Each structure stands twice: as structure tokens, then as C-alpha cells.
Amino acid sequence: MNEFISYLQLSANAFAIGVAGWIYIAYIKNLKASSNVKDDQIKLLEQNTRLQRDQITDLEKKSPENLEKILNDRIKIREEEIERLAKDKNNNEKELQLKTQELTGLKSKLEKSIDLRRTMDLLDLHIDENDGFFSKDAEYEIEELGLVAVDSGQLMITDPSYIDVEWSNDDLELLRVYKHRKTGNFYSFGKDFFHYENKIEGFDQTVNELIAIKELEEIPIDYSNKISYSYAGACYATLSEKGYGVLPFKKGHQGAAIVIGTVLGDGFYPVYAEKYDGRIVRVYFNVY
């Protein structure tokens, strides 16, 4: 009887162990299945993250700001290389020349990138491939249009159709008045002296010498009420403190022209066009 009970207990224990083993195996399989699902989800998330990162990186690479950063870094490297090569110029002359050319090219690209960013900011360009104005992959370029000659130290922007009907032949009357610091007396060009190498009565030095030692100071004249759409009006505008001015129509409203004084005076000044997708979006010129 005891043997039967022992056998029965042994069978029950074996059955319990078998059931526990089956449950454990099922639990392990369930864990593995859950783990595989999570692994698949993680892989999918990682794949999406990589895709988004690549897209963001691609967009950043196309941005003018990122391009400027890359170019600045390259310029810094080239400048360091040139400085190193310059220490032994005789042995590195050919390589130094090559690095200098590369540096010049990088600086040119940087300038174009900066100009592109300025143009996009100025025009607030948001390229939409469906708007038909600019293409999505439009290229940016700068083209020199030509030279404009200057003989009066100033440049004018105007519609040529206004010249025949709006232009006036006003006389240019420039007053050059100087004040003596000590006496407070005023002296005018064309009245008290006719050349700056002349001597004003009562002084031993020339006008130029008096200006140089700061005994004479020029008194600024306000010509704002004389500005008109004419050569004289342009001169009055550029001789103002601002150095530029808007010329009015004969009826008095503004916009007939804008005139700007040049820094270096007379000469030939290049005019540039910024093109986006082959279209001129901005025209500019340097006045120095």
C-alpha cells in the first residue's frame, strides 16, 4: 500500500513538473514573441529615424547657412595651410600657389552663398514647385552686366521715360561758407576768395592752410528745398549729410529717381545682376 502511494505521489510530481515545464516553455515562447515584436518595432523606429535624419541632413546641406559654415571651415583650413607653407616658401612655392588659388575660389563661393542668403531674405523666397515662377531646383548665379561711367561722383536710378517730360535744367548754386573759429566771421567761396590757395584779407595763411589747422570750419548748407529732378537737384541730394536722395516729379510727389554719391568719385563702376532660375531678381553696383 505504501509503495502504491509512493508511486502515485511520484506520478503526481512528474505530472506537475511536466505541466510546469509546459507552462514555462509557453511563457518563454511568449516572451520571445513579444521580444521579436519589440525588436521589429525598434528596427522600424530606427529606420524611420535614419530616414528623417538623412532628410534633415540633406536639407541642412542645401541651406545657405550650412554652406557658409562649410566654406568658412574650409577657408580656415586653407589659411592655416598657406601660413604653414609660407614659412618655407622656396620649397613649397608650387603647393603654396595651388592653396592660394583654392582659397580664392572658396572665398568667391562664400561671397555668392552670402549674397544668395541675402537675396532670399530680401525677397522672402519660399519656393513652391507648383507656382510656376521659380523651379524647385533653381540655380543661383551672379553676372556682371557691364560698366557705367561716372564723371560727377554720383549715380542715378530712374525710368528713362521720365527724362524728356520731367527733367529740369536748374542752375547749380553751391554755397561754400566757412566760419573762423576765433572771430566767428563767415567767409564764402566766390565772394571772399576764389581759390583755396588764395589768402583771405587779414590772414597770412591760404584758405587750405587755415582749413588744415582747423581755424576755418565749413558750415553745412541745407539744400533739401532745392532738390529737383535735375543735375543740380542730384548734386544737392548727394552733397547732403546722407549722401543720397529721392528726386521728386514736377508735381511734387517722390519717386522720379534716386541718386547716390560714389565713394571714389569719378570712374567706371561695374553693375551686377543676381539671377535665380535664370531670372534677374536683383541688380546692384558697388560705389567704391
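Just so we're clear, the structure is a prediction, and the values are computed from it rather than from any experiment. (Residues numbered from 1 in each chain as written. Predicted model: local features only at pLDDT ≥ 70, side-chain atom pairs only at ≥ 80, totals over all residues. Heavy atoms only, no water.)

**Regarding the pairing of strand 3 (residues 177-180)**
Step number 1: Examined bridge by bridge, strand 3 and strand 4 (residues 186-188) share three bridges and lie antiparallel to one another. Across the sheet, residue Tyr 178 finds its bridge partner in strand 4, namely Tyr 187.
Step number 2: Where strand 3 folds back on strand 4, the antiparallel hairpin that results is connected by five residues, among which Gly 184 adopts a positive phi of roughly 80 degrees.
Step number 3: Pairing geometry for strand 3 and strand 5 (residues 216-219), over four bridges, is antiparallel. Bridging from a neighbouring strand, Val 177 pairs with Ile 219 of strand 5. (Pairing = 2+ DSSP bridges. Helix = DSSP H or I, 4+ residues; strand = E, 2+ residues; numbered from the N terminus.)

**Considerations on the environment of Asp 151**
Step number 1: With respect to the helices and strands, Asp 151 occurs in the loop between strand 1 (140-150) and strand 2 (154-158).
Step number 2: Asp 151 sits 114 residues away from Gly 265 along the chain, and the two C-alpha atoms are 7.6 Å apart.

**A closer look at the pattern of salt bridges**
Step number 1: Going through the model one piece at a time under the given rule, you end up with three salt bridges.
Step number 2: Notably, a salt bridge pairs Glu 217 with Arg 181, separated by 3.5 Å at the nearest N-O pair. Placement of the pair is Glu 217 in strand 5 and Arg 181 in the loop between strand 3 and strand 4, with a sequence separation of 36 residues.
Step number 3: Glu 217 sits in the partly exposed class, given a relative accessible area of 29%.
Step number 4: Across the pair Arg 282 and Glu 274 runs a salt bridge whose closest N-O atoms are separated by 2.5 Å. (Salt bridge = Lys/Arg side-chain N within 4 Å of Asp/Glu carboxyl O. Buried < 20%, exposed > 50% of the residue type's maximum accessible area, 1.4 Å probe, protein only.)

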